[in-house]
2 protein chains.
Amino acid sequence: MIAIDWGTTSLRAFRLDAEGRVLEQRRSAQGILTAAGRFAEVLRETIAGWDDALVVMAGMIGSRQGWFEMPYVDCPAGIDEIAAVMRRLPAAALAGRELWIVPGLRTRDGAGVYDVMRGEETQLCGVLAQTETTRASVCLPGTHSKRATLVEGRVDGFATAMTGELFALLCEHSLLGRLMSDGGHDAEAFALGVAHASRKGDLLHHLFAARTHGLFDVLRPDQLRPFLSGLLIGHELNDLPADAGIVHLVAAPALLVAYEAALAQRGHAVRAHSELASARGCHALARRAGLV
Amino acid sequence: MIAIDWGTTSLRAFRLDAEGRVLEQRRSAQGILTAAGRFAEVLRETIAGWDDALVVMAGMIGSRQGWFEMPYVDCPAGIDEIAAVMRRLPAAALAGRELWIVPGLRTRDGAGVYDVMRGEETQLCGVLAQTETTRASVCLPGTHSKRATLVEGRVDGFATAMTGELFALLCEHSLLGRLMSDGGHDAEAFALGVAHASRKGDLLHHLFAARTHGLFDVLRPDQLRPFLSGLLIGHELNDLPADAGIVHLVAAPALLVAYEAALAQRGHAVRAHSELASARGCHALARRAGLV
């Protein structure tokens, strides 16, 4: 089968064997924003040469701006509940293929405020398919990071943090960005940022430390970016309870290294997963839906 | 005398009578970024026709990127300590005028992290010159908001929050900004944002409520901007202790209305001051330095 993670700004395709192992993968910048109006054509080109009939898609492709609007499944929800709501597109959508879309997930906090995800639920299913803990946490870092709680094989709830988007905005458009110079990863500056986030005070105030640390030579200009990265990731992790249990981390290599360091600094036990968890999750959903 | 508040992106000039009352004011977009290299020329044009010899300048004009780099005076500091460090520019700097620059202020929190201001200290001096409380707080909203504590006639310490800059970044460049439509002030959406900021959880997570409140029709697109404004101002005020005492608020009319509402919602007693507090502070400094 083929698993597709089709987001706002990119598309990733995975060809899987019968056990859900990734045989090949492809990536394209044709996210739903640029592919709008020609989803079938973009998909056909992306998976050309892969002759598997079954294609399972997740992500913003199932949003109102996508190919077919899918509902949100309410938490708590696991592989069973999500697989039960998957929908097949009309056979005419793409000749010779059987296209399915995965629904999004929705949760509500104690005060009734909603949170949503589209796409990350396949990563959570990938983690669920591989673990048997009664209680665990999952961090899915990104533009909009998701932090989920798993209880008895289901996603109990989750929360979004706009960590990645805010980091990019601050680096590209803020006063702080103008003070930065290029440099590689700097573990010391990053750790200082993570520690700073634990201090009393709001993020709006903590951000200004990047300014004064530069002004008074606590940090060099090339250390301001890793400091800010640590500060924001640290703030995201402030919402992770100290008794969160094992924290499953699903991320691309660079983010994996950063979040592993930050979680370790905060005393959490981490189990790292590659981004292939998403493909594994699609496979688990397809199997539960009786498609493979 | 003439009081000048010369910041990064704008310049404000006030002509004062012998008691420090504002007779006339002028404004220009020639902040130190655009005026760099021709400060004397810009100043001469700005105050042309005002024949007062004494000119007291504050703000980024005293920074490394300004006309003459001034030190920071360490807190606690009041009108006495700041006036004692004012410097006169060489007489040749601007023929026929006597130019003085006000130093910045610096503070250090319990963990030794610095915070700084340049320009806002004249607003604080303006408040100090008008009040006799033994203990009070001051909010100076803006791109980089300052919250200061006054103790026994001096500035005891202060903290910067990047509230205004983050609001502008999010409106102009983020996903949230793309969801907003234009609309006027909306007291209800603003109050919802202020209340949301009091909830458990980090700002990085709270920001995403602007997304889901839009998605599930809790707020209309034209209400997202006032909600975000309330959310950010609410987060800034989270660092203001409940027993802060009277909160002096110095701001231009639009921000004054917003912060007054947010402070009242949090149960603080507010005393509002116009932005002319800055000119009043320059006059108080000049008097203490024996210049008027």
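These numbers were taken from a predicted model, which means no experiment stands behind them.

**Student:** Can you tell me about the interface of chain B and chain A, naming the residues and giving the values?
**Tutor:** Every contact between the two is made by 44 residues of chain B and, on the other side, 44 residues of chain A. Taking both sides of the interface into account, the surface hidden between chain B and chain A amounts to around 3,800 Å²; carbon and sulfur atoms contribute 69%. In terms of surface lost to chain A, no three residues of chain B exceed Met162(B), Leu204(B) and Phe208(B), which account for 19% of the buried area on that side. Inspection of the region where chain B meets chain A yields 2 salt bridges. One can count 14 residue pairs in polar contact (both at pLDDT 80 or more) joining chain B with chain A. Mapped onto the side of chain B that touches chain A, the elements with two or more residues apiece are strand S9 (114-117), strand S12 (154-161), helix H5 (163-173), helix H6 (175-179), helix H8 (203-206), helix H9 (208-215) and helix H10 (224-238) of chain B.

**Student:** So what's going on with the sheet that holds strand S10 (residues 135-140) of chain A? Which residues, and what values?
**Tutor:** All names here are of chain A. What the 5 strands build is an open sheet, ordered S12-S11-S10-S13-S14; its pairing is mixed. Both outer strands of the open sheet, strand S12 (154-161) and strand S14 (270-273), are each paired with one neighbouring strand and no more. Taken pair by pair, the neighbouring strands of this sheet meet at an average axis angle of 20°, ignoring direction. Here S10 runs beside strand S11 (residues 145-151); their pairing, made up of 6 bridges, is antiparallel. Looking at S11, one finds that Ala-136 is bridged to Leu-150.

**Student:** So what's going on with the relation of the copies chain B and chain A? Residues and values would help.
**Tutor:** Superposing chain B onto chain A requires a rotation of 180° together with a translation of 0.0 Å along the rotation axis, leaving an RMSD of 0.0 Å. The symmetry that links the two subunits is that of a two-fold axis. Comparing interface residues between copies, 100% of those in chain B also sit at the interface in chain A, which points to an isologous, same-surface contact.

**Student:** Outline the pairing of strand S7 (residues 98-101) of chain A, listing residues and values.
**Tutor:** All names here are of chain A. Where strand S4 (residues 54-58) lies against S7, 4 bridges are found, and the strand directions are parallel. Opposite Leu-54, over in S7, you have Glu-98 as the bridge partner. Here strand S6 (residues 87-88) runs beside S7; their pairing, made up of 2 bridges, is antiparallel. From the neighbouring strand, Arg-88 faces S7, where its bridge partner is Trp-100.

**Student:** An account of helix H4 (residues 120-130) of chain A is requested, with residue identities and associated values reported.
**Tutor:** Across the 11 residues that make up H4(A), a large majority, 9, are buried. Those residues of H4(A) lying buried are Glu120(A), Glu121(A), Thr122(A), Gln123(A), Leu124(A), Cys125(A), Gly126(A), Val127(A) and Leu128(A).

Reading the values: the criteria
Residues numbered from 1 in each chain as written. Chains lettered and ligands numbered in written order. Predicted model: local features only at pLDDT ≥ 70, side-chain atom pairs only at ≥ 80, totals over all residues. Heavy atoms only, no water. Contact = heavy atoms within 4.5 Å. Buried area = accessible area lost by both parts, 1.4 Å probe. Salt bridge = Lys/Arg side-chain N within 4 Å of Asp/Glu carboxyl O. Polar contact = N/O pair within 3.5 Å; in protein donor to acceptor, adjacent residues only side chain to side chain. Helix = DSSP H or I, 4+ residues; strand = E, 2+ residues; numbered from the N terminus. Pairing = 2+ DSSP bridges. Axes fitted to C-alpha atoms, helices over the stretch in contact; angles between N-to-C directions. Least-squares fit on C-alpha atoms with pLDDT ≥ 70 in both. Buried < 20%, exposed > 50% of the residue type's maximum accessible area, 1.4 Å probe, protein only.

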